[in-house]
Structure formats: C-alpha cells, structure tokens
Amino acid sequence: MSKFIDSCLGKLEEYVPGEQPQERKFIKLNTNEFPFPPAPEVIAAVSAAEVGKLRLYSDPTCRILKEKLAAQYGVQPENVFVGNGSDEVLNFAFAAYCRKGVAFPDISYGFYPVYARLYGVEPETVPLKDDFSVSAEDYFGKNKAILITNPNSPTGLLLPVSEIERIVRSNPDNVVMVDEAYVDFGGESAVPLIKKYDNVLVIGTFSKSRALAGARVGFAFGDAALIRDLEKIKYCTNPYNINRLSLVAAAAALDAQAYYDEKDALVAETRDKTRAALTALGFEATDSKGNFIFTKHERISGKTLYEALRSRGILVRHLGGERIREYIRITVGTPEQMETLIDKIKEILNSLD
Ligand SMILES: *Cc1c(COP(=O)(O)O)cnc(C)c1O
C-alpha cells in the first residue's frame, strides 16, 4: 500500500474470496457455483447484437429486469433494487443502515464483518446455538441493524420465516436484512414480509441458483422507501452498475425459470444423496438446505481433508474459525462429480488405516 491511502482504509482486513483457479484442472466445489450452464435462452440473449450495443451505456434504471423480478416475486417494480452481485447490494445496505451498529450470527457469510468495518462499525456477532441454529430471541429488541442469512452459510440451516417475522416485529426502528442467496435449493422466502413491514430487506442473487455468478447480478426486495435509499447510494457511486450483457442475461434467466426449477431440484436431490453417502462413511453433516454440504469426520481434521482432496484434484472450502475448524464445506456439483468426490474420500479414509 502507499503512504497516501486513508489511514482507516489502510488498516481494514479484506474479504478473502474462495480460490478461482483459471486453469481447469480441478473439480471446483469451493464457491457454491451452479454445476450446470445457464439456460440456452440466456446464452442466446447475450448475442452479437447485444455486444454491438456495448458502445452505449446500459439502462441505469434496470427497468426490464426490475419488471420481470417484480412479476416473478409478486411485488411492484418500486419494491425492487438491482445490484452488481448481491455483494454490492450488501455493500449499499451496510452503508445505509449499519453505521449505528449491526448484529449477525458468529458463523455466516465472511463478508459481513468486512463491510461493517468499512463503514466504521465493529459488528456484534451473536453466537449460534451449539447445533448451529439461530435463536430468534437473541435478536429481539437489538436496537441495531440485523442481518440473517437464510438458509445460513456455511451451515445450510434454515430458520422458519415465522421466526424471522418475530425478529422483524421486535425491531421496528431498525432494518432487518435477510440474505437469501441459497433459498432456491429448499428454503422458504421472506419476500411476503415486505408487504407487511417497512423494515425488512430481502436480498437475492443470480449467482447460485441461476448459474450467473460471473455476470454479477443481485437484487433486493423491500418497502419502496428502502429501495429508494439503495438507489440513492447507487446514484451517488455508480449509476450504470449493471452492464448490458448481464442485464439481458438475468432477464432471460427469469424467462427460463422452468429450466432452473428443474436443475435446482436436481442439485437438492444430489445434495441429499451425497450427504447420505457421507454419513454412511462416518461423517457428521448439518441438515443443509443450500447447494452445499457442511461436514466433518472425527478421524481427519478439516484442514487435512481439504488438502487431501485438493491434491486429488477436488477443491472444497475450509473456512476455519474456532467453532468450525473441523468442518469443510462442499459445493454440490453434478451427480458425476459427487461420485468422484465420494470415491476420493473413501480413498483418503482408507489411507488413514
Ligand atoms: C455467494 C453469496 C453472496 C454473494 O453473491 P453475489 O451475488 O455473487 O455477490 C452473498 N451472500 C451469501 C450468503 C452468499 O453465499
């Protein structure tokens, strides 16, 4: 870093993304990407004609995409915000709502504390229960912003929307954010709450269940006033935040929802089968409703298993941190990839004898 950087920024700890090796030699099960390609309609939408239009700015209002999102989720376009990945939506939401304080579980998405500190706030991390579940009561009357990932990552555990509603109701003077990055693999969405409460913001993404991680499109649903807050920050920083190709790709993905519903169900089925196979091998695994499995084995540490899989060509995520040191998080790939995974794990366990 240079001597010129602002001293507060210079001290910040950065978020460390999962490895993204650019050569294709790994079975990549480390960052919860979708194992299947985008729908054919999406590939067709990113056409030569659209590339030709790149000389023109993209639509700063994201009108077409907002209208499609509103129709699909049963809300109005003024209840929809679109961001450059849900990471950008989270960034804006932290800027807007978290400077007075923010609370979230001690085990969840590793980006949250980074955003909090970017805006000068030391976050309150609320311990999950011993079984990694969220206790709604822990968030009652917090008097600060609250952020719940549902299903949670890396545990995959689901909190019923009725419990989220209790948190929302007990914090009428603060915004409760619900990060639903994984909701399409078996979760229950909190979007209906936005019609009843003016303090709930539900955040989603095209990265996990719609095969568009590389396009960088995320969204949020909330009361129209909350959406205007996020728009304000967008128009103060980056009005053309979604590029033309990503706008048409995301809109086409919504038109191809049947394709994704079928593939998301296959991912969920593969998850449950793989989890059963792991359990049969002596693994412990949480009841994940995401597109990943969170698991540990008493005979091998999380780090050793991560390294043994890596040396056999499979990348998984070892997140570390005190309570989850022994765990790895495995993204659910294709059924064939999961068979290879199980074979390699058997090989590793046998080599311990
Ligand atoms: C992957 C992920 C995100 C970020 O998704 P993008 O839309 O790709 O920025 C946000 N929240 C959680 C919980 C995630 O797992």
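Residues numbered from 1 in each chain as written. Predicted model: local features only at pLDDT ≥ 70, side-chain atom pairs only at ≥ 80, totals over all residues. Heavy atoms only, no water.

Student: Pulling in residues and values, what's your account of the nonpolar core?
Tutor: With 84 residues, the main nonpolar core has Leu65, Leu69, Phe206, Tyr260 and Leu309 as its most contacted residues. Considering every element that reaches this core, the biggest residue donor is helix α9 (residues 244-255), with seven residues. Among the domains, domain 1 (7-37 + 258-352) and domain 2 (40-256) are the pair contributing at least three residues each to this core. Among all residues touching Phe206, those that are not within four sequence positions of it are Leu65, Leu69, Ala211, Leu212, Ala213, Val217, Phe219, Ala250, Ala253 and Leu254. Residues Phe94, Ala145, Val175 and Ile227 belong to the second largest nonpolar core, which totals 29 residues. (Core = buried A, V, L, I, M, F, W, Y, C linked by side-chain atoms within 4.5 Å. Buried < 20%, exposed > 50% of the residue type's maximum accessible area, 1.4 Å probe, protein only. Helix = DSSP H or I, 4+ residues; strand = E, 2+ residues; numbered from the N terminus. Domains from an automatic or database assignment. Contact = heavy atoms within 4.5 Å.)

Student: How would you sum up the domain arrangement of the chain? Please name residues and give values.
Tutor: The domain boundaries assigned to the chain delineate domain 1 (7-37 + 258-352) and domain 2 (40-256). Here the C-alpha centre of domain 2 lies 24 Å away from the C-alpha centre of domain 1. In total, domain 1 and domain 2 occlude about 2,500 Å² of area from one another, counting both sides; carbon and sulfur atoms represent 65% of this. It is Tyr15, Tyr260 and Arg323 in domain 1 that bury the most area against domain 2; as a group they hold 30% of the surface buried on that side. Applying the counting criterion to the domain 1 and domain 2 interface returns one salt bridge. For Asp106, the salt bridge is made with Arg323, and the minimal N-O distance between the two is 2.9 Å. Across the domain 1-domain 2 interface, the total number found is twelve residue pairs in polar contact (both at pLDDT 80 or more). For the side of domain 1 that touches domain 2, the leading source of residues is helix α10 (residues 257-280), giving seven residues. (Buried area = accessible area lost by both parts, 1.4 Å probe. Salt bridge = Lys/Arg side-chain N within 4 Å of Asp/Glu carboxyl O. Polar contact = N/O pair within 3.5 Å; in protein donor to acceptor, adjacent residues only side chain to side chain.)

Student: Tell me about the packing of aromatic side chains, and please be specific about residues and values.
Tutor: Aromatic ring pairs: the centre-centre distance and the angle between the two ring planes describe each pair. The full count for this structure, using the stated rule, is 21 aromatic pairs. Ring geometry for Tyr109 against Phe111: centres 6.0 Å apart, planes inclined by 65°, an arrangement best described as edge-to-face. Sitting over the face of the ring of Phe206, Arg210 holds its NZ or CZ atom 5.1 Å from the ring centroid. Across the ring face of Phe36, the terminal group of Lys263 is positioned such that the distance to the ring centre comes to 5.6 Å. (Phe/Tyr/Trp six-rings, centres within 6.5 Å; stacked < 30°, edge-to-face > 60°. Lys NZ or Arg CZ within 6 Å of the ring centre and 35° of its normal.)

Student: Go over the pattern of salt bridges, please, and point to the residues and values.
Tutor: Using the criterion set out here, one finds 22 salt bridges in the structure. Residue Glu19 is joined to Arg310 by a salt bridge in which the shortest nitrogen-to-oxygen separation is 2.3 Å. Residue Glu19 is located in the loop between α1 (7-10) and β1 (27-28), and its partner Arg310 is located in helix α11 (residues 302-311); the two are separated by 291 residues in the primary sequence. Overall, the relative accessible area of 29% leaves Glu19 in the partly exposed class. Looking at Arg310, the relative accessible area reads 32%, which means it is partly exposed. A salt bridge links Asp287 to Arg275, with the nearest nitrogen and oxygen atoms 3.8 Å apart. Here Asp287, found in the loop between β9 (283-285) and β10 (292-297), pairs with Arg275, found in helix α10; they are twelve residues apart in sequence, far enough to count as distant. Look at Asp287 and you get partly exposed, because its relative accessible area is 40%. Take Arg275: its relative accessible area is 26%, and that puts it in the partly exposed class.

Student: Please give an account of the pairing of strand β7 (residues 200-205) that cites residues and values.
Tutor: Counting buried positions along β7 yields six of six residues, so the element is predominantly enclosed. Neither face of β7 is exposed, since Val200, Val202 and Gly204 on one face and Leu201, Ile203 and Thr205 on the opposite face are all buried. Pairing between strand β6 (residues 176-179) and β7: four bridges, direction parallel. Within β7, the position partnered with Val176 by the bridge is Val200. (Pairing = 2+ DSSP bridges.)

Student: I'd like a description of the sheet that holds β10, backed by residues and values.
Tutor: Backbone-to-backbone hydrogen bonds pair the strands of a sheet. The strands run either parallel or antiparallel. As summarised here, the arrangement of the three strands in space is β9-β10-β12, forming an open sheet in which the pairing is antiparallel. In the strand order of this sheet, the two ends are held by β9 and β12 (328-331), each with one partner. The mean angle between the axes of side-by-side strands here comes to 40°, regardless of whether they run parallel or antiparallel. Bridging between β10 and β12 involves four bridges; their strand directions are antiparallel. (Axes fitted to C-alpha atoms, helices over the stretch in contact; angles between N-to-C directions.)

Student: Summarise the sheet that holds strand β3 (residues 102-105); cite the residues concerned and give the values.
Tutor: The seven strands are arranged β2-β8-β7-β6-β5-β3-β4 in an open sheet whose pairing can be described as mixed. Sheet topology places β2 (80-83) and β4 (124-126) at the edges, where each strand pairs with a single neighbour. If you compare each strand with its neighbour and ignore which way they point, the axes differ by 20° on average. Pairing between β7 and strand β8 (residues 218-221): four bridges, direction antiparallel. Residue pairing across strands places Gly204 opposite Phe219, the latter belonging to β8. Relative to β7, helix α5 (residues 85-97) is tilted by about 160°, and along the sheet it contacts β2, β3, β5 (145-149), β6, β7 and β8.

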